[in-house]
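# Report on the structure
Given next are the chains, with one letter for each unit.
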Amino acid sequence: MTTVETFKFPGHVYDAELTERSGKTSNLIAVAISDHQVKLCDMKSGSDTHTLRGHSAAVNDVIWSNRNSYAVISAGRDGKIIMWDIRRSKSALHYFDQLNGNSEKAHFGSVTSLSQTEGGLFLLSSGQDEQVRCWNMTNGENTFTNFGRAVTPDKKTVGATVSFNSCYPGLLYLPNGSEISVYDILSGQHVTDLPGHFGRVNAVCYNKVSPQLYSCSSDCTILVWEPPIPDEESCDEALTNKNTPYQDSWSDSDEESK
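In this report, the structure presented in the accompanying data block is examined. (Residues numbered from 1 in each chain as written. Predicted model: local features only at pLDDT ≥ 70, side-chain atom pairs only at ≥ 80, totals over all residues. Heavy atoms only, no water.)

Let us now look at the overall build of the chain. Check the secondary structure of the chain and you find two helices and 20 strands. For the chain, with 258 residues in total, the buried portion stands at 47%. Pairs at least 24 apart in sequence give 43% of the contacts found in the chain among residues at least 6 apart. (Helix = DSSP H or I, 4+ residues; strand = E, 2+ residues; numbered from the N terminus. Buried < 20%, exposed > 50% of the residue type's maximum accessible area, 1.4 Å probe, protein only. Contact = heavy atoms within 4.5 Å.)

Before going further, it helps to examine the packing of aromatic side chains. Under the defined criterion, the tally for this structure stands at three aromatic pairs. Measuring from centroid to centroid gives 5.4 Å for F96 and W135, while their planes differ by 75°, and the two rings are edge-to-face. Placement of F96 in the loop between β8 (92-95) and β9 (111-116) and of W135 in strand β11 (residues 132-136) is noted, with a sequence separation of 39 residues between them. For the residue pair F96 and W135, the accessibility class agrees, reading buried in each case. A cation over an aromatic ring shows up here: R77 above the ring of Y14, its NZ or CZ 5.0 Å from the ring centre. (Phe/Tyr/Trp six-rings, centres within 6.5 Å; stacked < 30°, edge-to-face > 60°. Lys NZ or Arg CZ within 6 Å of the ring centre and 35° of its normal.)

A few words on the layout of surface pockets. Estimates place the volume of the largest pocket at around 1100 Å³. Lining of the largest pocket is provided by 38 residues; of these, E17, E20, I63, A160 and T161 occupy positions nearest its centre. Among the residues forming the lining of the largest pocket, the class breakdown is 15 nonpolar, 13 polar and 10 charged. (1 Å grid on protein atoms, 1.4 Å probe; cavity = no way out; pocket = protein on both sides within 12 Å on 5 of 7 lines; lining within 4 Å. Points joined across faces, edges and corners; volume = space filled by probe spheres on them. Nonpolar A, V, L, I, M, F, W, Y, C, P; charged D, E, K, R; others polar.)

Take it as geometry only, folks, not as evidence of what the structure does.
See below:
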């Protein structure tokens, strides 16, 4: 493997995401930078094409919208979550406000994670204020779903993820200290905590094909988590009762092999 392109930035890079869409944005990488900016880099031309300004502190996280191939969402240590339309000269399309007013603040303190449902209907965020918030992406408003006091008050970003399939309601997997907290997206119910790491969990990733959950930690390990396979009766019951069968049965694959 050899380096084929190098991009230089005026600050530390905290996050980067390549768009998964085909078309005009297929070669773009969105980059979250410590100097309050989001940069868009074109892999084909080797240059940064856009600079998105609107944060007043370091940008922690950035994702491409699952609903709109031209929309980027960023989260910063200023408590702001901003949606950008990269086609516009004034790119800031929407500031997410926890009170659905004009404060432009999604969280008190740093925003520590962003994740979204597969179809992009809901955006999930967590913050240094120990809150998880669910945002309706059709209107950009806070749904006021009560997740309780959810996460460790840490300004460092973590990689959260969302799972979804036809049987279960969506679940949010959120690193929380040395554990992974699991929440029902629709109700905000705390489903369970997944212990297994001996250090801070930095990120989780969900494989919807397998399905498997992967977690990485400061304890220098990566754990692979697998749920039991539901039978047809369990699926029917889940759709009828809108509950999550086996909701606390995730285990890491090492335990199951013992």
